[in-house]
Amino acid sequence: MIRSPEKKIRSVLTHLENSSIEIEKTAKNLNTVVDRINGGDGAINYLATDTTLVHQLQNSMKNVDEGVLKFNENMEALKHNFLTRGYFKKQEKQKEKIQKE
């Protein structure tokens, strides 16, 4: 089916008009979201402006990091304890066996 140049131009113009309408709708929606954020509504504004929450999150992450470090130290100590040493040796042998296969 061969379309005339006139029909092609009309089709392009129709698509451009539809695209323009959709872009305008999207821009309005974005403006609404930005206005709500700037107006203090919603969690994004709270997260962006509440320094207390930021400090609490930083402290929580620091505590998690310290906890993980202490846990790893305790696990290493358990590996050398005479009561649990056999368990860890068995685990290591099983890992080696699996890797060889």
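As a reminder, the structure under discussion sits directly above these lines.
Residues numbered from 1 in each chain as written. Predicted model: local features only at pLDDT ≥ 70, side-chain atom pairs only at ≥ 80, totals over all residues. Heavy atoms only, no water.

### Overview of the overall build of the chain
Rule in force here: The secondary structure listing takes helices from DSSP runs of H or I that are at least 4 residues long and strands from runs of E that are at least 2 residues long, numbered from the N terminus. This radius of gyration counts C-alpha atoms alone. The globule rule is 2.2 Å times how many residues there are, raised to the power 0.38. Relative accessibility decides the category of a residue: with a 1.4 Å probe and only protein chains considered, values under 20% of the type maximum give buried, values over 50% give exposed, and everything between is partly exposed.
Helix and strand counts for the chain come out as four helices and zero strands. Element order for the chain, N to C, with α for helix and β for strand: α-α-α-α. Relative to the globule expectation of 13 Å for 101 residues, the C-alpha radius of gyration of the chain, 31 Å, shows a markedly less compact shape. On the principal axes, the C-alpha backbone points of the chain span a range of 90 × 50 × 10 Å. Counting across all 101 residues of the chain, residues that qualify as buried make up 5%.

### Focus on the pattern of salt bridges
Formally: Salt bridges are defined as contacts in which a side-chain nitrogen from Lys or Arg sits within 4 Å of a carboxyl oxygen from Asp or Glu.
In the structure shown here, the tally under the stated rule is four salt bridges. Between Glu22 and Lys25 there is a salt bridge, with the nearest N and O atoms lying 3.6 Å from each other. On the criterion of helical spacing, the pair formed by Glu22 and Lys25 is a turn pair, its members being three residues apart in helix H1 (residues 5–38). Salt-bridge contacts for Lys28 lead to Glu24; the nearest nitrogen and oxygen are separated by 3.7 Å.

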